[in-house]
Amino acid sequence: MISRKFLLALTISTFALSACAPRGEGLTSAATALPPRPTWAFEASDVPLDPGYRFGQLENGMRYAIRSNATPKGTALVRMQVDAGSLDEEDSERGFAHFVEHMAFNGSTNLPEGEMVKLLERLGLAFGAHNNASTNYDRTTYMLDLPRNDPALLDTALMIMRETASELTISPEAVERERGVVLAEMRDRNTFALRNYQDSQEFLAPDARFTRRLAIGAAETLNGATAESLRAFWRREYVPRHTTLLIVGDFDAGEVEAAIRRRFGDWRPAPAEPQPSPGPLDPRAAGKVDVFVDPALSERITATRIGPWLDERDSIAQRRENLLRQIGYAILNRRLLSRTREDNAPFRSAGFGTGDVFRTGRTTSIAVDTVDGKWRRGLIEAAKEYRRALQYGFTAQEVAEQVANIRKANLNAAASESTRSHSQLLGAALALVNDDVVPDTPTRSLERLEAFIPQITPAAVLAAVKREVVPLDTPLLRFQGRRDPEGGASAIRAAWDEAMRAAIRPLEQKAAGAFAYTDFGPAGQVVSDTTEPVLGIRQLRFANGVRLNLKRTTIEKERVLVQLSVDGGQLIETRENPHATNMMSVFAQGGLGKHSRDELDSLLAGRTVSAGLSATDETFVALAGTTPGDLELQLQLLTAQLTDPGYRKEGEVLFRQTINNMFAALRATPGSALNADLGAILSDNDPRFSLGKVEEWRALTFAKLKADVADRLAKGAIEVGLVGDFDEAQAIALVGKTLGALPAREAEFGAYADRRTRPFTADRSQRVLRHTGAKDQALLALTWPTRDGEDPVAALELQLLDRVVQLAITDTLREKLGKAYSPGVNSNASRTWRGYGTFSINASVDVAQVAATRAAIFETLAALRDAPVGEDMLLRARAPVLEGYDNALKTNGGWLTLVDRAQTEPDRIERYAAAKARIAAITPARLQALVRQYLAQDAAVEVTVLPEGVDPPR
């Protein structure tokens, strides 16, 4: 339940985020010198507040934010944020904030232990998908996504939040049961990535409190936690003045406010202790070098300096300053990106920036990812780009490119202002709560931008960047990789010093060009135009065979989703040529025949278009989000990808670098080891479904990819789906001028009857795989063969069985035994491979618990086999699935899943229309029969993933 978002934000802030010399001497800490802040930041800001929000505070000190919104219609998001996290823990309480978060689901005054999740499931909220929580350094957040705007459901949500805030029981018995789950989560999170993160933070801020306050805590304090000590933490920290309730959804704001007051108005006020400083940070820290080695880590070198935190309150003037900085950083990072696209690129990727470390300091860093052993050249070249930018500044052309991108983003936001989504509006409210950023309307933001653009000059951008950047003078240098850097710490420092002495010149201005793919010949003619009767999807066909499906919606103003499907995909792979489509992952990086990918980024600046084509099971697919005004360019770009792909070397180089890192880390965790080998195990080493050897991947080239896919791109059947806010006549004309103007395509998508078989092994011997991670981590994976998904009723039955087994397994492994943090269940009834389907159960457990876990899983399945599932469990499994169907067409993305292949796969529409009735008709007896039919113990393929050097359990 620990969110990795904040962890990542902190990591980014220390290696890639904005120069002003350090303003103070000695350690910096936000605990003492900060002036008081208002209840809401907009009370002391000249940024006008978006009037659609309703903000308030109860007499007890609890704050709330409400926004009435109908996108998606009939739904809502409810969040309760408590400003208490791991920073609030004493040394003896490490991990308590997260432990309390777990206990919120385990009993309160009006909800007995285990009933909260069950109550929500009965109301259609699936645990994890709609009902979850997260703990960070400085806050704990409880989340409910309401599938209906039912006042009774909202009242239930508020009741649950109030129970969490003031009514938890935290019984000794519940604590003991949940302790195993929390320790299991700690075990699962002990990976090379987390250890690397810890080392980096301890290097940069060795004396800071936050480096000793990972939210997961410490084993000794978690094992020592008692119901009394956890209740003490909860009572101390869960007080009204630490709490903010946020609700965005399709409700009347006044009614929501009244409901909040009814539920929380009698919550008694209590003292709110200030959060301890996360620091201190030391701006004087310089000249040190850190080396961290792990076999799973790709090579990265980082240069960082620490500066004081800049207390820059949100204002119109500050937003202009921030915009100038944003442009400067974007330009420098654009330069670094261009360097990665050279034939002999000095690094795989690099980033430069400045970011806050809480409100106690800031860091400026440059991070460089390199091919193993090439760190020295990468560091020197990236550092020279940093110096070039700060010494010579930026060109007018570079500034114009970034301004065009920013302006376009603001134009798009303003155009769709009235249909902003719940998540967008919630994000803006959370930015106010957590970062004191005032939510304003996109229209006003655009007006201010347009007025300010004439003042955005290269000189102004450079000056703003320099005001924030902490100069990288004698920086802290950190290396991470699979093996020690040649020459050690002294060689790293010498490389940096060499970069600081190297001669640099101003960047040469590049000549501007024009997009070369605007004419594909005479426009194609429509030869068929009908409207599908169930969902009103308009279906057209051009003379060249291209199919076009249209669905206009008002869900998002001025937004259009486009999907291009081309016959082929992974069905072109054979046993003799199993990796034919692997390089499609970097197809777009190869650019076009007349433009490199780097040139395209500049040519398409200020336009809402995207390039990309990937391989799915049966098709090559491009998915793009655009606007009505940019739809023509988007279609031109997609057509160019089919008619003149570039296959340039830079994409090939990127692919090779990526797969080297992928294979090097294959055994780093139990999950990655299982993913590497399970396909081969289940298919009896059929090379189409096996990972293969790294040498096979290294041998792949763009020349081979072209030979394998060119025929499909040139001739394969095409179907295009458009969903959103567009003019149908204009869209038809634009498709006619692009994809409809191509030479004749194949009339139908290929049957590939000889390639639709996928073997499932008959070997039921137990397999043991090995990983190189922590010695206490094991993974038990059970996989059964089922059936394909061609029968819609059978597919839905297996889908519901998935939910039932998930509930039963979670109840057994997590709630009763405390052996697994998050066991996984998955049913996959394939519609590509005839007769093929799988049902799997995975559980990440302690090495010593493998045998007990295995026994518990089979005992759970035996119970489902011996007696029909109870009505309550069936309701809890079925209700979220039915709600999912009710809400499926409330987003453009949901519509696109039915529109994209509406002509060639029309049965999807019938399946959707009939799904709810079919799911409602599934009986406990039928589910019992499915368990008996498919999930016998001796029918499972069992794979156990163990650490290297650990004997298999008996």
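What counts, and at which threshold
- Residues numbered from 1 in each chain as written.
- Predicted model: local features only at pLDDT ≥ 70, side-chain atom pairs only at ≥ 80, totals over all residues.
- Heavy atoms only, no water.
- Pairing = 2+ DSSP bridges.
- Helix = DSSP H or I, 4+ residues; strand = E, 2+ residues; numbered from the N terminus.
- Axes fitted to C-alpha atoms, helices over the stretch in contact; angles between N-to-C directions.
- Contact = heavy atoms within 4.5 Å.
- Buried < 20%, exposed > 50% of the residue type's maximum accessible area, 1.4 Å probe, protein only.

- Under an unreviewed UniProt entry, the name given to the protein chain is Peptidase M16, and the source organism is Novosphingobium arvoryzae.

1. A short note on the sheet that holds strand β11 (residues 476-481)
Strand-to-strand pairing in sheets goes through backbone hydrogen bonds, with the strands running parallel or antiparallel.
Right, on to step 1. Strand order across the open sheet formed by five strands is β7-β11-β8-β10-β9, with mixed pairing between neighbours. With partners counted over all chains shown, the strands left at the sheet margins are β7 (289-293) and β9 (349-357), one partner each. Put simply, the sheet's adjacent strands are angled 15° from each other on average, direction ignored.
Right, on to step 2. In terms of strand pairing, β7 meets β11 through five bridges, oriented parallel. For Asp 290, the partnering residue across the bridge sits in β11 and is Arg 478.
Right, on to step 3. Against the sheet, helix α6 (residues 192-204) engages β7, β8 (299-307) and β11, with an angle of about 165° to β11.

2. Overview of the environment of Val 357
Right, on to step 1. Looking at the element boundaries, Val 357 is found in strand β9.
Right, on to step 2. With a relative accessible area of 2%, Val 357 lands in the buried category.
Right, on to step 3. Residues Val 357 and Ile 316 lie 41 residues apart in sequence; the distance between their C-alpha atoms is 23 Å.

3. A short note on the sheet that holds strand β4 (residues 131-135)
Right, on to step 1. If you trace the six strands from one edge of the open sheet to the other, you get β1-β2-β6-β3-β5-β4, paired in mixed fashion. This sheet does not close on itself; its edge strands, each paired only once, are β1 (53-57) and β4. Neighbour to neighbour, the strand axes of the sheet diverge by 10° on average, direction disregarded.
Right, on to step 2. As paired elements, β1 and strand β2 (residues 63-68) share five bridges and run antiparallel to each other. Counterpart to Phe 55 in the pairing with β2 is Ala 65.
Right, on to step 3. Across the sheet, helix α2 (residues 96-103) lies against β4 and β5 (140-146), angled at about 170° from β4, the strand it touches most.
Right, on to step 4. Each of β1, β2, β3 (76-82) and β6 (243-249) touches helix α9 (residues 253-264); the most contacted strand, β2, lies at about 155° to it.

4. Describing the environment of Pro 471
Right, on to step 1. Counting through the fold element by element, Pro 471 comes out in the loop between α15 (458-468) and β11.
Right, on to step 2. Put simply, Pro 471 and Arg 305 are 166 residues apart on the chain and 7.1 Å apart in space, counted from C-alpha to C-alpha.

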